[in-house]
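# Remarks on the overall topology
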Amino acid sequence: MYCDVCMGINSHKCPVCGEQPRQIECPTCGGSGAVAYWAMNLETEEETTVTFEAWSCIPETAEEARSRGQKWHRLEMEKCEECDGTGLIWEEQSW
């Protein structure tokens, strides 16, 4: 079936009756919005990359880490460039 906009010509591309684009999980970052997570060791002042799971469990600041008796605290996360940190990209249509 077709509408008055496309008249059945390339109806799959029609903005009225065609397929609508949708967002999917970014394959580069796995939907997290970041490609690297950084943490710092308070004893050695060494910066290192850690997993998201580890990064999310450690304290946000050095002061908070010291007060809890922990030796690691969060630094920045490196934003994914493909999805601009959202974790989602537009699905490519195969027309």
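This text follows the structure it describes.
## Section: the overall build of the protein chain
The helix and strand inventory of the protein chain stands at two helices and five strands. The secondary structure elements of the protein chain, listed N-terminal to C-terminal, are β-β-β-α-α-β-β. The C-alpha atoms of the protein chain give a radius of gyration of 22 Å, which is well past the 12 Å a tight globule of 95 residues would have. Along the three orthogonal principal directions, the C-alpha set of the protein chain runs to about 70 × 20 × 15 Å. When burial is assessed residue by residue, the protein chain has 26% of its 95 residues classed as buried. Look at the contacts in the protein chain between residues 6 or more apart in sequence, and 56% of them connect residues 24 or more apart. About 7,000 Å² of surface is accessible on the protein chain, with carbon and sulfur atoms providing 49% of the total. A gap of 4 Å separates the mean positions of the 7 positive and 18 negative side-chain charges of the protein chain.

## Focus: unusual backbone geometry
Backbone geometry follows two general trends: most residues other than glycine have a negative phi, and most peptide bonds adopt the trans configuration. Notably, Glu-45 is not glycine yet its phi reads approximately 55°, a positive angle. With respect to the helices, strands and loops of the structure, Glu-45 is situated in the loop between strand 2 (34-41) and strand 3 (47-50). The backbone of Asp-84 shows a phi angle near 60°, a positive value even though the residue is not glycine.

## Some words on the pattern of salt bridges
For the structure on display, the rule yields four salt bridges. Put simply, Arg-74 and Glu-60 hold a salt bridge, and the shortest N to O gap is 3.9 Å. Of the two residues, Arg-74 is situated in strand 4 (residues 72-79) and Glu-60 in the loop between helix 1 (52-57) and helix 2 (62-68); the sequence distance between them amounts to 14 residues. Judged by relative accessible area, Glu-60 falls into the exposed class, the value being 52%. Of the charged contacts, one joins Asp-84 and Lys-79 as a salt bridge, the two residues approaching to 3.2 Å between their closest N and O atoms.

## Quick notes on the side chain of Arg-74
Among the residues examined, Arg-74 registers a relative accessible area of 19% and is labelled buried. A polar contact of 3.2 Å, which involves the side chain of Arg-74, links it to the backbone oxygen of Ile-58. Sequence-distant contacts of Arg-74, defined by excluding residues within four places in its chain, comprise Trp-38, Trp-55, Ser-56, Ile-58, Pro-59 and Glu-60.

## Looking at the environment of Glu-92
With respect to the element layout, Glu-92 can be found in the segment after strand 5 (88-90). When the C-alpha atoms of Glu-92 and Gln-23 are compared, they prove to be 9.2 Å apart, with 69 residues separating the residues in sequence.

## Some words on the sheet that holds strand 2
Strand order in the open sheet made by the three strands is 3-2-4, with antiparallel pairing throughout. Either end of the sheet is taken by a strand with one partner, and the two such strands are strand 3 and strand 4. Neighbour-to-neighbour, the strand axes of this sheet turn through a mean angle of 35°, independent of strand direction.

## Notes on the environment of Lys-79
Summarising the element assignment, Lys-79 is placed in strand 4. A C-alpha to C-alpha distance of 9.1 Å links Lys-79 and Tyr-37, two positions 42 residues apart in sequence. Filtering out sequence-adjacent residues up to four positions away, Lys-79 remains in contact with Gly-33, Ala-34, Val-35, Asp-84 and Gly-85. There is a polar contact of 3.2 Å between the side chain of Lys-79 and the side chain of Asp-84.

## Some words on the environment of Cys-29
In this structure, Cys-29 sits in the loop between strand 1 (23-25) and strand 2. Accessibility expressed as a relative area gives 11% for Cys-29, which makes it buried.

Parameters and conventions
Residues numbered from 1 in each chain as written. Predicted model: local features only at pLDDT ≥ 70, side-chain atom pairs only at ≥ 80, totals over all residues. Heavy atoms only, no water. Helix = DSSP H or I, 4+ residues; strand = E, 2+ residues; numbered from the N terminus. Rg over C-alpha atoms; globule rule 2.2 N^0.38 Å. Buried < 20%, exposed > 50% of the residue type's maximum accessible area, 1.4 Å probe, protein only. Contact = heavy atoms within 4.5 Å. Areas by Shrake-Rupley, 256 points an atom, 1.4 Å probe, with all protein chains shown as cover. Lys, Arg positive; Asp, Glu negative; His and termini not counted. Charge placed at Lys NZ, Arg CZ, Asp CG, Glu CD. Salt bridge = Lys/Arg side-chain N within 4 Å of Asp/Glu carboxyl O. Polar contact = N/O pair within 3.5 Å; in protein donor to acceptor, adjacent residues only side chain to side chain. Pairing = 2+ DSSP bridges. Axes fitted to C-alpha atoms, helices over the stretch in contact; angles between N-to-C directions.

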